[in-house]
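The residues making up each chain are set out below.
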Amino acid sequence: MTDAATNPGAATPRKSSLLTLDDRTRRRNASEARFKAYGITAIAVALFFLIVLLFSILRSGLPAYTTTVADVEFTVTQAQYEEAESQLFKTKAYEQLFIAQLQDQLTESGMQVEFDAAAIERIMGKVGGNIREFYQANPDQLGQPVSFELSSSSRVDGYYKGRVTREGLQESRFLQLSDLDLVDALAEAGIIRQAFNWNFITGADSGVDNPGGAGIGASVVGSFFMMLVVLFLALPIGVAASIYLEEFAPKNRWTDLIEVNISNLAAVPSIVFGILGLAVFIQFMHLPQSAPLVGGLVLTLMTLPTIIISTRASLKAVPPSIRDAALGVGASKMQAVFHHVLPLAMPGILTGTIIGLAQALGETAPLLLIGMVGFVARGYPDGIAAGFVDPNSAMPAQIYTWAARADVAFYEKAWGGIIILLLFLMTMNIIAIILRRRFERRW
Amino acid sequence: MPILWLVLIVLALGAVGYILGRQRAMASAGGDARHLHSLPSYYGSNVAIKAVVPALVLMVIWLLVQPVYINTHVSGMLSETAIPDNSSRGLVMSEVRRTAEGLSNAVNQGLMTEEFATSARADMADVTQRLKDAGQIVTSEVTQPIMRAAQEYRVLSSSLQLYMSIAVILLALLGAAWGLRESQKDFRARNTVEFSVRMLLIGAASIAILTTLGIVLSLVFNTIEFFRLYPAADFFFGLNWAPSFSGRGGSSDLGVLPLLWGTLYISIVALAVAVPIGLFAAIYLSEYASSRVRSVAKPMLEVLAGIPTIVYGLFALLTVGPMLLKVFGDEGLGIMQAGTAVMTAGLVMGIMLIPFVSSLSDDIINAVPQSMRDGSYGLGATKSETIKQVVMPAALPGIVGAVLLAASRAIGETMIVVLGAGAAARLSLNPFEAMTTVTAKIVSQLTGDADFASPEALVAFALGMTLFVITLGLNIFALFIVRKYREQYE
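About the cut-offs
Residues numbered from 1 in each chain as written. Chains lettered and ligands numbered in written order. Predicted model: local features only at pLDDT ≥ 70, side-chain atom pairs only at ≥ 80, totals over all residues. Heavy atoms only, no water. UniProt positions renumbered as here; feature names shortened; annotations may be inferred. Helix = DSSP H or I, 4+ residues; strand = E, 2+ residues; numbered from the N terminus. Buried < 20%, exposed > 50% of the residue type's maximum accessible area, 1.4 Å probe, protein only. Contact = heavy atoms within 4.5 Å. Areas by Shrake-Rupley, 256 points an atom, 1.4 Å probe, with all protein chains shown as cover. Buried area = accessible area lost by both parts, 1.4 Å probe. Salt bridge = Lys/Arg side-chain N within 4 Å of Asp/Glu carboxyl O. Pairing = 2+ DSSP bridges. Axes fitted to C-alpha atoms, helices over the stretch in contact; angles between N-to-C directions. 1 Å grid on protein atoms, 1.4 Å probe; cavity = no way out; pocket = protein on both sides within 12 Å on 5 of 7 lines; lining within 4 Å. Points joined across faces, edges and corners; volume = space filled by probe spheres on them. Nonpolar A, V, L, I, M, F, W, Y, C, P; charged D, E, K, R; others polar. Phe/Tyr/Trp six-rings, centres within 6.5 Å; stacked < 30°, edge-to-face > 60°. Lys NZ or Arg CZ within 6 Å of the ring centre and 35° of its normal. Expected span 1.5 Å × (residues − 1). Parallel < 35°, antiparallel > 145°, perpendicular 65-115°, else oblique. Patch = residues over 30% accessible without salt bridge, like charges linked within 9 Å, V, L, I, M, F, W, Y side chains within 5 Å.

As annotated in an unreviewed UniProt entry, chain B is Phosphate transport system permease protein from Pseudooceanicola atlanticus. Reading the Function (unreviewed entry) entry of the UniProt record for chain B gives the comment "Part of the binding-protein-dependent transport system for phosphate; probably responsible for the translocation of the substrate across the membrane." If you open the UniProt record of chain B and go to Sequence similarities (unreviewed entry), you find "Belongs to the binding-protein-dependent transport system permease family. CysTW subfamily."

The name given to chain A in an unreviewed UniProt entry is Phosphate transport system permease protein PstA, and the organism recorded there is Pseudooceanicola atlanticus. For chain A, the Sequence similarities (unreviewed entry) comment in UniProt is given as "Belongs to the binding-protein-dependent transport system permease family. CysTW subfamily."

Undergrad: Explain the overall build of chain B to me, please; I cannot follow it from the model alone.
TA: The number of helices and strands found in chain B is 17 helices and two strands. Of all 490 residues assigned to chain B, the portion counted as buried reaches 48%. Considering only residue pairs separated by 6 or more positions, chain B has 71% of its internal contacts joining residues 24 or more positions apart. Surface exposure of chain B reaches about 22,700 Å², of which carbon and sulfur atoms provide 65%.

Undergrad: How should the overall build of chain A be read in this particular structure?
TA: Secondary structure summary: chain A contains 19 helices and three strands in total. Residues counted as buried form 49% of the 443 residues belonging to chain A. Across chain A, contacts joining residues at least 24 apart in sequence account for 76% of those joining residues at least 6 apart. When the accessible surface of chain A is split by element, carbon and sulfur atoms take 60% of a total near 21,400 Å².

Undergrad: Help me understand the UniProt feature "transmembrane region" (unreviewed entry) in chain A, please; the structure alone is not making it clear to me.
TA: All names here are of chain A. As recorded in UniProt, the sites labelled "transmembrane region" (unreviewed entry) are residues 37-58, 224-245, 265-287, 293-315, 336-358 and 414-435. Between the C-alpha atoms that bound residues 37-58 the distance is 31 Å, and the span itself is 100% helix and 0% strand. Along residues 336-358 the backbone is 100% helical and 0% strand, and the end-to-end C-alpha distance reaches 31 Å.

Undergrad: When you look at the interface of chain B and chain A in this model, what are you seeing that I'm missing?
TA: Quite often, the size of an interface is put as the accessible area lost when its parts meet. Listed per partner, the contact involves 82 residues of chain B and 72 residues of chain A. In total, about 6,800 Å² of surface goes out of reach between chain B and chain A, with carbon and sulfur atoms giving 79% of it. Here chain B and chain A share one salt bridge between them. Residues Arg28(A) and Glu385(B) are paired through a salt bridge, measuring 2.9 Å at the closest nitrogen-oxygen approach.

Undergrad: Is there a simple way to explain the UniProt feature "transmembrane region" (unreviewed entry) in chain B in this structure?
TA: All names here are of chain B. The residues that UniProt annotates with the feature "transmembrane region" (unreviewed entry) are residues 51-70, 162-180, 200-220, 264-285, 305-328, 334-357, 390-411 and 457-482. With 100% helix and 0% strand, residues 390-411 has its two end C-alpha atoms placed 32 Å apart. Secondary structure content for residues 457-482 is 100% helix and 0% strand, while the C-alpha to C-alpha distance between its ends is 38 Å.

Undergrad: I keep staring at the sheet that holds strand S2 (residues 145-151) of chain A and nothing clicks. Help me out?
TA: By way of backbone hydrogen bonds, the strands of a sheet pair with one another, either parallel or antiparallel. Residues and elements named next belong to chain A. Read across the sheet, three strands follow the order S2-S1-S3 without closing on themselves; strand pairing throughout is antiparallel. Because the sheet does not close on itself, it has two edges, and the strands there are S2 and strand S3 (192-196). Direction aside, the axes of adjacent strands within the sheet are offset by 40° on average. Lying over the sheet, helix H6 (residues 127-137) contacts strand S1 (66-75) and S2, oriented at roughly 135° with respect to S2.

Undergrad: Whenever I open this one, the pairing of S2(A) confuses me. Can you help?
TA: Every regular strand shows the same layout, with side chains that alternate between the two sheet faces. Residue and element names in this part refer to chain A. Only one face of S2 is buried, namely the one carrying Val146, Phe148 and Leu150, since none of Pro145, Ser147, Glu149 and Ser151 on the opposite face is buried. When S1 meets S2, the two strands line up antiparallel, connected through seven bridges. Looking across to S2, one finds that Ala70 is bridged to Leu150.

Undergrad: Which parts of the structure should I look at to understand the environment of Ile275(A)?
TA: Looking at the element boundaries, Ile275(A) is found in helix H12 (residues 270-284). Distance from Ile275(A) to Val298(A), taken between C-alpha atoms, is 9.5 Å for residues 23 residues apart in sequence. Sequence-distant contacts of Ile275(A), defined by excluding residues within four places in its chain, comprise Leu369(A), Leu219(B), Ile442(B), Ala460(B), Phe461(B) and Gly464(B).

Undergrad: Explanation requested: empty space enclosed by the protein in the structure shown.
TA: One way to see where empty space is left: roll a probe the size of a water molecule over the atoms. Residues and elements named next belong to chain B. Applying the stated criterion across every chain yields a total of three cavities of 30 Å³ or more. If you add up the space inside the largest cavity, you get close to 50 Å³. In terms of lining residues, the largest cavity is bounded by Ala282, Leu285, Lys298, Leu301, Glu302, Pro355, Ser358, Ser359 and Asp362. At the level of elements, helix H9 (257-288), helix H10 (291-306) and helix H12 (342-367) are the ones that each hand at least two residues to the lining of the largest cavity. Looking at which element gives the most residues to the lining of the largest cavity, the answer is H12, with four residues. Residue classes in the lining of the largest cavity are distributed as four nonpolar, two polar and three charged.

Undergrad: Mind showing me how you'd approach the packing of aromatic side chains here?
TA: How two aromatic rings sit relative to each other is given by the distance of their centres and the angle of their planes. As enumerated under the stated definition, the model contains 19 aromatic pairs over all chains in all. Between the aromatic rings of Phe226(B) and Phe227(B), the centroid separation amounts to 5.4 Å while the plane-to-plane angle is 50°, which identifies the pairing as tilted. On the accessibility criterion, Phe226(B) (0% relative accessible area) is buried. Members of the aromatic cluster, connected to one another through ring pairs, are Tyr65(A), Phe196(A), Trp198(A), Phe200(A) and Trp402(A). One residue, Lys333(A), lies across the ring of Phe248(A), its end atom 5.6 Å from the ring centre. For the cation-ring pair, Lys50(B) lies above Trp178(B), with the distance from its terminal atom to the ring centre recorded as 4.5 Å.

Undergrad: Quick question: what am I supposed to make of helix H11 (residues 253-265) of chain A here?
TA: The periodicity of an α-helix, 3.6 residues per turn, causes residues three or four positions apart to be oriented the same way. The terminal C-alpha atoms of H11(A) lie 18 Å apart, and with 13 residues this matches the ideal 18 Å at 1.5 Å per residue to within 8%. If you check which residues of H11(A) are buried, you get Thr255(A), Ile258(A), Asn261(A), Ile262(A), Asn264(A) and Leu265(A).

Undergrad: Sorry, what's going on with the environment of Ile191(A) here?
TA: Residues and elements named next belong to chain A. For Ile191, the location among the structural elements is in the loop between helix H8 (177-188) and S3. Taking the relative accessible area as the measure of exposure, Ile191 reaches 4% and is therefore buried. For the pair Ile191 and Gln105, spaced 86 residues apart in the sequence, the C-alpha separation amounts to 9.2 Å.

Undergrad: Please explain unusual backbone geometry as it appears in this structure.
TA: Phi is mostly negative for residues that are not glycine, and the peptide bonds are mostly trans. A positive phi angle is found at Ser290(A), which is not glycine, with a value near 60°. Note on Ser290(A): relative accessible area 8%, which makes it buried.

Undergrad: Explanation requested: the packing of helix H1 (residues 2-28) of chain B against helix H6 (residues 144-182) of chain B in the structure shown.
TA: Residues and elements named next belong to chain B. Contact geometry of H1 with H6 gives a least axis separation of 9 Å together with a crossing angle of 10°. Considered as vectors, H1 and H6 are oriented roughly parallel to each other. The segment H1 lies against H6, with Pro2, Ile3, Leu6, Ile9, Val10, Leu13, Gly17, Leu20, Gly21 and Arg24 engaging Gln161, Met164, Ser165, Val168, Ile169, Ala172, Leu173, Leu180 and Arg181. Across the contact of H1 with H6, the residue classes break down as 13 nonpolar, four polar and two charged.

Undergrad: Would you mind showing me how to read the side chain of Thr436(B) here?
TA: Residue and element names in this part refer to chain B. Within the element layout of this structure, Thr436 appears in the loop between helix H15 (415-420) and helix H16 (438-446). Its relative accessible area of 1% is what places Thr436 among the buried residues. Not counting residues up to four positions away in its chain, the partners in contact with Thr436 are Pro258, Leu259, Gly262, Thr263, Gly422, Ala423, Ala424, Ala425 and Lys441.

Undergrad: How should I be thinking about a nonpolar patch on the surface in this particular structure?
TA: The grouping of Val53(B), Val57(B), Val60(B), Ile61(B), Leu64(B), Val65(B), Tyr69(B) and Leu200(B) at the surface amounts to a nonpolar patch, some 660 Å² of accessible area in total. Mapping Val57(B) onto the fold places it in helix H2 (residues 40-77).

Right, dumping it as structure tokens:
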């Protein structure tokens, strides 16, 4: 067409060679390369986001697992004990003893720092009370050297983790610049050191003013009880529903209605399930608020569509010849399904269930509505029955509570909690992958 | 744990029934299983099912109805005068429940005799003190009407509990007896058992419908209640969102439009991030990538989908927000005031949606028949020309469906916006300003000790209803498009 338009009459053959590319081909090739580059860029961007996300989780979360402690070897004699107990301010007396011995230790290692009781209190909290408690509980330790491991205040901890700097420090009743000199001296003397924060893994949530004492242990237990409820309700109900829909359901309006419902429920926002839980389980049925049982029920309803969809897929993957063979030797339809199809579909069903559970484990929004917020996780439940009905939190809700607090020191806990949550999720997903690899069968 | 015991007793009856039923059937066949209609275990199962299922169903129904019945009965006892002016019937009822629980706990701890707990009439200060000694949470002083109601509550619930246990065990025994009577060699036990199992399967499948029904009913009733207290027109067309927290004052502005705008704006930003990246990633993975690249990149993308939303929320609040603030804040361009903004939440939500868009589009692109590509290559088109002019148009309806599904996810997403978008509801075009969404406000209106009778709490249900209707509409439309497209090529 173009040739005809530019050279009317003279139809000369176009001069082009297979060996050199003409402009048009070059343009087309360039656009091809560009298009491919867009694709590579898109994937690179997505992976970059993933790396940034994982990096910031690790960088901000790992400090939560260390804490700053002070090791002090300390001796109280019987006479000192009795004298301290006879005074009006007993803990004050212990504190004086402690400070005197600390001063000795510092001079021993050649350090000269001035400090008073208030500074010690700012750095290590109420030392005197801790010491008194210990000796009251163990009077036989009097007169012998006892090494105490005292956890330092969250601001000193922040000094080591870069949250508190000398330049940015605002002198307050919580921490003063001179305290940091003392901290440095103590660290040089080997008294203050970093230790693994067991309390973070085993402890319960602490008050708003004590970020150092916050732990995720109690809410891990809450999550565990919730997952038990989900597992024991969602798995049997989901499998039963899938068996019916896949193997028995006649094609009628009722079945259609169920199918449409399930695919819609899978896409309903999770917070709507929270509203359902609040209105039906708590408002209407008067089940206890903040209980893992209610959380488990809500998450069960939320996970059911996932489990049903994956179970149906694995039931569908079992070839019809298996059913035909069972029916052929005289099994009833029910026997064929339960004795032959279901066992063969089991690995797929379990994989789907684990993935559904992992999804439920990370869900936060519905739990907030039924009252499973972090600050109710103040301790471990007393027993198995109490574990289901006593107010507790769950890991993601606990993380949310920490993230919503004003004190910056809680952010570190939130990131640290995320590491634990992701470890659980990773384990579950790896189990699912192993199950799939180990038992997957191609027909 | 009387209910746990009850369940165990019923299950034990079922187990005994199984053994007896089996034996009886075998005996009727003279010990030879070949003379039975069904396998012996079916006779046992028949008895067990008849003992356990009706009894447990009765128990569940009873447990559901009992609190409602007690509530209405006790609530009827409270006269209007017993309800303080600044309170409501619901609040007083919860106090009654608390007092009743406190009495029971005090009796359990041995601080009160049963008789005292049920009959104390005279000295309310003494009762309050005793309850406090027992470590029970009670309000300043228990008043006469509340005490009486609480006592009635206790008596009623304990006697109903007893009736329930008797009724359930009786029903289990009756069921077992019925099953045992049937256990004769000619009885078609397998058919009966299979029928019951089938009914159980249907019941399980119907839970999906019950859930939807539960969602719709709980939303509808509370929304109607809300519109009784607050005019619907003001809710749907109000331009101002300012709930009062002072209590039961009617001075709240509860207009939904600023929230809807925030939701929409954040979703648009999220889709603007997720759709190009997700789509190009899907195109590259399905058309260009070698199978090795694919086997690495695809699972990596799916890791993004497996990360819980709370993690993204924290990422928005603590990493992306401060990062954006450094560039657009006062030290940079000066158009961003705080780390929480539409941009922050939208960007992070976009990252969350990338794998969602890419895996859905990947499926759809793969479903386009290879013959169409081959035809295009045969005419001399390059790969990108084939994708742009043949594959994409063919896959377009499906991709639109995928984008709609992603949009419905973005609208319903909660944790990212709660942490990343801020709390101020405003109508603004600046994407670096804090805005809030429907979901974030549902959380903030319903957490804490909300009184369910106030419009400030009930508005959350109206918001939930709005959210449910919007996402449901999007989902149905998207599924319709995707399904219609799939039928074209299969």
